[in-house]
Amino acid sequence: MGTIQKNLGLKHKYMAYTTAAGALAAYPKRIPSGAVAQKELDGVGQKIGLKIQEILDTGKLKKLDQYNSDPKIVTLNLLCRVTGVGPAAARKWIDSGVKTIEDLKKEKLNHHQEIGVKYFEDFEKRIPRSEMQEIKNIVKTSISQLDQLITVKICGSYRRGSESSGDVDVLITHPKFTNEKKEQKDTFDLIKRIVDRLEKIKFLTDHLANGTQQYMGVCKIPKEGAIARRIDIKLFPKESFYTALLHFTGSGEHNRQLSCIAINKGFKLSEFSITPVGSTGVEGAPIPVQSEKEIYDILGIPFRKPSE
DNA sequence: GTCGT
DNA sequence: CGGGATGCGC
DNA sequence: ACGACGGCGCATCCCG
């Protein structure tokens, strides 16, 4: 239900379903009824409570079956699996008769969508940890040849120790790239220079978005039969690096927990900074941190490695 | 869709 | 041509 | 009853 709401453009309903599903999955006991679910679980209200009851009673959900038997919804869900295609574009094409990915290839696509179609199958395949390690070696080696001072971290589920990942999330920083001196010569166009280099060694094969702070593109280990992978490279000023590292290592659930703890203890934690928040609600200056552990220290909770 | 105001 | 709005991904 | 729900970088569209 969540995915459908998202593809319809109802992003907050999607979030509502996601939180409810998360609460349900995290609940240690069996849920005997929709009413109990609504009472016990945060994020489950009346409507989802009724749906839980229906599933308990009949084993299915009429509303969902209706959606899944609606050809327009089925096509919507298909088209939205192409990166670069969202609710607005998908709806437009469905109205003009597009039904399959093959149909989509004949339409006028922007660059991002072209790449999305080109690698449609590849992008849905998971990346084994062994391949992630190869990718990490290529990226780290190549970047350190450019400038030894650059710090490179592969985040996401890989950093949490997962056996497979959905994409490659690279975080970088440079001691001379600070909030004060974002324009300095050493770090100016740092991402562009990295991208040039990775392109030259035939690692990056296509680009989706290529800015000064953020790159999104496609990489492939340069050997026969390799699968195309989505890769993002993000540059953060060094003041933000450890909060960013924490944030982009996740998981999403872990981030929500930390954020909640932060608020309760009078702080605001984001990918950019950790700041004190006064009792009046006024936000103070960011607290400088030089490691992930220091953030845990500020929050007054024991440090846990990404893999824990 | 759910929650807080 | 340029500044703002929109779509999208994360 | 009603608004918030994360919010920002990049590509592209829109409009003056």
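Residues numbered from 1 in each chain as written. Chains lettered and ligands numbered in written order. Predicted model: local features only at pLDDT ≥ 70, side-chain atom pairs only at ≥ 80, totals over all residues. Heavy atoms only, no water.

Draft legend 1. Main features of the overall build of chain A. Looking only at helices and strands, chain A features 15 helices and nine strands. Its C-alpha atoms give chain A principal-axis dimensions of roughly 60 × 55 × 35 Å. Burial analysis of chain A (308 residues in total) assigns 39% to the buried set. The long-range fraction of contacts in chain A, counting pairs at least 24 apart against all pairs at least 6 apart in sequence, stands at 51%. Surface accessibility of chain A: about 17,400 Å² in total, with carbon and sulfur atoms responsible for 53%. (Helix = DSSP H or I, 4+ residues; strand = E, 2+ residues; numbered from the N terminus. Buried < 20%, exposed > 50% of the residue type's maximum accessible area, 1.4 Å probe, protein only. Contact = heavy atoms within 4.5 Å. Areas by Shrake-Rupley, 256 points an atom, 1.4 Å probe, with all protein chains shown as cover.)

Draft legend 2. The environment of alanine 88, seen in detail. Following the sequence through the fold, alanine 88 ends up in helix 7 (residues 87-95). Considered as a pair, alanine 88 and glycine 9 are 79 residues apart in the sequence and their alpha carbons are 7.5 Å apart.

Draft legend 3. Highlighting the pattern of salt bridges. Going through the model one piece at a time under the given rule, you end up with 14 salt bridges. Taking the shortest distance from any N to any O, the salt bridge between lysine 268 and glutamate 283 comes out at 4.0 Å. A residue pair is termed long-range when its members are at least 10 positions apart, and lysine 268 in strand 8 (residues 267-269) and glutamate 283 in the loop between strand 9 (274-276) and helix 15 (292-299) qualify at 15 residues. We classify lysine 268 as partly exposed; its relative accessible area is 40%. For lysine 293, the salt bridge is made with aspartate 297, and the minimal N-O distance between the two is 3.1 Å. Highlighted residues: lysine 293 and aspartate 297, both in helix 15, separated by four residues, approximately one helical turn. (Salt bridge = Lys/Arg side-chain N within 4 Å of Asp/Glu carboxyl O.)

Draft legend 4. Representation of the packing of aromatic side chains in the model. Tallied over the entire structure, the rule returns five aromatic pairs. Considering the side-chain rings of phenylalanine 241 and tyrosine 242, the 5.4 Å spacing of their centres and the 80° angle between planes classify their relative orientation as edge-to-face. A residue is classified by how much of its surface remains accessible, and phenylalanine 241, at 2% relative accessible area, is buried. An aromatic cluster is built from Phe236, Phe248 and Phe272, whose rings are joined through pairwise contacts. Seen from the ring of tryptophan 93, lysine 92 lies directly overhead, with NZ or CZ sitting 5.1 Å from the centre. Here lysine 234 stacks its cationic end above the ring of phenylalanine 248, 4.2 Å away from the centre of that ring. (Phe/Tyr/Trp six-rings, centres within 6.5 Å; stacked < 30°, edge-to-face > 60°. Lys NZ or Arg CZ within 6 Å of the ring centre and 35° of its normal.)

Draft legend 5. Fine view of the pairing of strand 5 (residues 204-210). Bridging between strand 5 and strand 6 (residues 214-219) involves five bridges; their strand directions are antiparallel. Bridge pairing links histidine 207 to glycine 217 in strand 6. What sits between strand 5 and strand 6 in their antiparallel hairpin is a turn of three residues. (Pairing = 2+ DSSP bridges.)

Draft legend 6. Representation of the protein's contact with DNA strand B within the structure. Taken together, Lys13, Ala16, Tyr17, Gly43, Val44, Gly45, Gln46, Lys47, Ile48 and Lys51 are the residues near DNA strand B. If you look at DNA strand B and keep only atoms within 4 Å of the protein, 85% of those are sugar or phosphate atoms. Note that a phosphate oxygen of DNA strand B is positioned 3.0 Å from one of the backbone N or O atoms of glycine 43. Isoleucine 48 places a polar main-chain atom, nitrogen or oxygen, 2.9 Å from a phosphate oxygen of DNA strand B. For the surface near DNA strand B, the secondary structure elements donating two or more residues are helix 2 (11-26) and helix 4 (46-58). In terms of residues, the surface near DNA strand B owes the most to one element, helix 4, which gives four residues. Taken together, the residues of the surface near DNA strand B sort by class into four nonpolar, three polar and three charged. (Near = heavy atom within 4 Å. Polar contact = N/O pair within 3.5 Å; in protein donor to acceptor, adjacent residues only side chain to side chain. Nonpolar A, V, L, I, M, F, W, Y, C, P; charged D, E, K, R; others polar.)

Draft legend 7. Examining the nonpolar core more closely. In this structure, Leu41, Val44, Leu79, Val82, Val85, Trp93 and Leu104 are the most contacted members of the largest nonpolar core, which totals 30 residues. Listed by contribution, the elements that provide at least two residues to this core are helix 2, helix 4, helix 6 (71-79), helix 7 and helix 8 (101-105). By residue number, the principal contributor to this core is helix 7, which donates four residues. Aside from chain neighbours lying at most four places away, what touches valine 85 is Leu79, Cys80, Ala90, Trp93 and Gln113. By size, the runner-up hydrophobic cluster in this structure holds 26 residues, among which are Ile143, Leu190, Ile191 and Leu235. (Core = buried A, V, L, I, M, F, W, Y, C linked by side-chain atoms within 4.5 Å.)

Draft legend 8. Highlighting the protein's contact with DNA strand C. Surveying the vicinity of DNA strand C reveals 13 residues, the closest of which are Gly84, Gly86, Ala88, Ala89 and Arg230. Each atom of DNA strand C within 4 Å of the protein was assigned to sugar, phosphate or base; sugar and phosphate come to 100%. Glycine 84 is positioned with one of its backbone polar atoms (N or O) 2.7 Å from a phosphate oxygen of DNA strand C. Arginine 230 places a side-chain nitrogen or oxygen 3.0 Å from a phosphate oxygen of DNA strand C. Elements represented by at least two residues in the surface near DNA strand C include exactly helix 7 and strand 7 (229-235). Among the residues forming the surface near DNA strand C, the class breakdown is six nonpolar, four polar and three charged.

Draft legend 9. Structural view of the UniProt feature "active site" (unreviewed entry) in chain A. Here the UniProt feature "active site" (unreviewed entry) sits at Lys51. Take lysine 51: it is sitting in helix 4. Exposure remark for lysine 51: the relative accessible area of 17% places this residue in the buried category. (UniProt positions renumbered as here; feature names shortened; annotations may be inferred.)

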